[in-house]
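# Close look at the chain arrangement
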Amino acid sequence: MSSQSPTSETIRTQCAIVGGGPAGMMLGFLLARAGIDVVVLEKHADFLRDFRGDTIHPSTLQVMHELGLLAEFLKRPHNEVRELDAQFGDQRMAIADFTHLPTVCKFVAFMPQWDFLNFVAEHGTRYPGFHLMMETEGIDLIDENGRVVGVRARHHDRALEIRADLVVGTDGRHSTMRARAGFQVMDIGAPMDVLWMSISRRPSDPPQTLGRIDAGQFLVMLDRGNYWQCAFVIRKGSFAEIQQRGIEAFQADLARLVPYLGDRVREIGDWKKISLLSVAVDRLRVWYCPGLLCIGDSAHAMSPIGGVGINLAIQDAIAAANILASHLREGPVGVDAVREVQTRREFPTRMTQGLQVFVQNKFVSRVLGSHERLPLPFFLKLVRRSVILRRLFARVVGMGFRPEHIHTPEMPIARTSKKSEPRDGSGPLAVH
Ligand SMILES: Cc1cc2nc3c(=O)[nH]c(=O)nc-3n(C[C@H](O)[C@H](O)[C@H](O)COP(=O)(O)OP(=O)(O)OC[C@H]3O[C@@H](n4cnc5c(N)ncnc54)[C@H](O)[C@@H]3O)c2cc1C
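Calculation rules
- Residues numbered from 1 in each chain as written.
- Predicted model: local features only at pLDDT ≥ 70, side-chain atom pairs only at ≥ 80, totals over all residues.
- Heavy atoms only, no water.
- Helix = DSSP H or I, 4+ residues; strand = E, 2+ residues; numbered from the N terminus.
- Rg over C-alpha atoms; globule rule 2.2 N^0.38 Å.
- Buried < 20%, exposed > 50% of the residue type's maximum accessible area, 1.4 Å probe, protein only.
- Contact = heavy atoms within 4.5 Å.
- Areas by Shrake-Rupley, 256 points an atom, 1.4 Å probe, with all protein chains shown as cover.
- Lys, Arg positive; Asp, Glu negative; His and termini not counted.
- Charge placed at Lys NZ, Arg CZ, Asp CG, Glu CD.
- Axes fitted to C-alpha atoms, helices over the stretch in contact; angles between N-to-C directions.
- Parallel < 35°, antiparallel > 145°, perpendicular 65-115°, else oblique.
- Left-handed = near helix turned anticlockwise from the far one by under 90°.
- Nonpolar A, V, L, I, M, F, W, Y, C, P; charged D, E, K, R; others polar.
- 1 Å grid on protein atoms, 1.4 Å probe; cavity = no way out; pocket = protein on both sides within 12 Å on 5 of 7 lines; lining within 4 Å.
- Points joined across faces, edges and corners; volume = space filled by probe spheres on them.
- Core = buried A, V, L, I, M, F, W, Y, C linked by side-chain atoms within 4.5 Å.
- Pairing = 2+ DSSP bridges.

## Examining the overall build of the protein chain
- A count of helices and strands for the protein chain gives eleven helices and 20 strands.
- Relative to its length of 432 residues, the protein chain is compact, with a C-alpha radius of gyration of 22 Å against a globular reference of 22 Å.
- In terms of overall dimensions, the protein chain has a C-alpha envelope of 65 × 45 × 40 Å along the principal axes.
- Counting only residues that meet the buried cut, the protein chain has 57% of its 432 residues in that class.
- Pairs at least 24 residues apart make up 76% of the contacts formed inside the protein chain by residues separated by at least 6 positions.
- Surface summary for the protein chain: the accessible area is close to 18,100 Å², and the carbon and sulfur share equals 53%.
- Here the protein chain holds 52 positive side-chain charges and 47 negative ones, and the gap between their average locations is 5 Å.

## Details of the packing of helix α1 (residues 22–33) against helix α4 (residues 113–124)
- Their axes nearest at 9 Å, the elements α1 and α4 cross at an angle of 20 degrees. In terms of orientation, α1 and α4 fall into the roughly parallel class. The way α1 lies across α4 gives a crossing that is left-handed. Along the contact surface, α1 presents Pro22, Met25, Met26 and Phe29, while α4 presents Gln113, Leu117, Val120, Ala121, His123 and Gly124.
- Grouping the amino acids of the contact of α1 with α4 by side-chain chemistry returns seven nonpolar, three polar and no charged.

## Points about the layout of surface pockets
- Roughly 400 Å³ of internal volume is contained in the second largest pocket.
- In terms of lining residues, the second largest pocket is bounded by 18 residues, among which Gly216, Ile242, Arg245, Leu368 and His371 are the most central.
- Of all the secondary-structure elements, those providing two or more residues to the lining of the second largest pocket are β16 (227–235), α6 (239–245), α7 (247–257) and α9 (335–369).

## Examining the nonpolar core
- Grouped together as the largest cluster of nonpolar side chains are 81 residues, with contacts concentrated most on Met25, Leu27, Leu31, Phe116, Leu293, Ile295 and Leu324.
- Top contributing element to this core by residue count: helix α8 (residues 309–330), with eleven residues.
- When near neighbours in sequence (up to four residues on either side) are disregarded, Ile295 contacts Ala23, Leu27, Val168, Gly169, Thr170, Asp316, Ala317, Ala320 and Val341.
- Ranked by size, the runner-up nonpolar core spans 34 residues in total, among them Leu101, Ala190, Val194 and Ile213.

## A few points about the sheet that holds strand β3 (residues 55–56)
- Taken in spatial order, the three strands line up as β3-β7-β4 in an open sheet, and their pairing is antiparallel. Edge positions in the sheet fall to β3 and β4 (79–81), since each has one partner strand and no second.
- Bridge count for β3 against strand β7 (residues 108–110) is two bridges, and the pairing is antiparallel. Each bridged residue has a counterpart across the sheet, and for Ile56 the counterpart in β7 is Ala109.

Here it is as structure tokens:
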């Protein structure tokens, strides 16, 4: 944390949110909707990054329904998946059945995450207190007398000081905010990394199967209309080994795993077409200090197992808005209020990470460590036979533990302009 003040421009807000991912955008939207002035900082120029995952869960769709936005949201291009399939060797099987969930939408909506974030941003700008600053990176915390009172940020070569009654770190798994606060991180670990690539899709291709698993290999394919977004799961640290075998050997592995792709595997013509995504699973011991709270991946980096990290990040944001909106109305937020957010969200986080680690250790590690086709694991045999287990799995993935609901009110919209003046008149506020 830093306590000097070398900034050229000061912005005053009630809540500074660092990171415009699912957690930060949802929190910013909900607080602005409740009449709180928020500044959301996002270091990139847009939301068009490929590594974010595409899943909008039934619990998030339920929240859209509670906000009165569901019908409009579902007009955006998406795929509705009511049952998740996996292919283990040559056996294809259903592993989750969403059709019996007690939610309005009994499906997972697959939608590129940038569409989801753009939707939230567009709706945020309806509220006068919502200020989204793109290309603005939070670089340090401002500490005064043992309390975080703001964030130092950079917008191109402009230095900014954003003073706030509360700072929320939503800057993901490599969070600068949690590092600057010196929060202690428990590294839970993950045995895998992911190779991320796209291959064109043909109308004649079969419908989406979530996972394809065979001797030593594990591939997840997401249907993005005219292409498949592919996540090839590899042993942690083994990318160099795979590269040494050559791109043709890698193409042959893909073609063996998904025969209908045929020649299309040659679209992955060199390693530049593949991004290596490092998987981390960790959790902060304490998510807050006076004036600062971390939520989403910055408080607990999630494994891609089950595709639930986005859901958890959004649920954290809803809980935080429910607990903090009334405190923010009164000024600087006390430690008891931010502690309440951790208390509320720690149980679902621990349960979800516990399940992810179980699957990583009992299943993913075994698959990735084997050179032969493995027999169907015992728990998958149970899932294949039991309708109840498939519904239970759908509930865990689709709704998570302790689903949150919107309790923040919508304050009347005073004006519709996207531009707004800083609350203390200390300098121009860039609003995008
Ligand atoms: C390979 C992989 C695949 C995954 N697939 C899925 C999936 O299909 N479904 C699912 O639910 N989950 C998935 N996850 C997990 C999911 O991506 C995360 O749990 C989720 O994105 C967390 O949301 P967040 O808002 O907390 O953080 P993020 O989504 O990481 O958002 C953080 C944001 O902060 C911005 N930022 C970072 N630092 C700063 C800074 N200093 N200043 C300003 N802005 C900053 C970043 O640009 C980013 O926009 C996957 C994870 C991995 C690794």
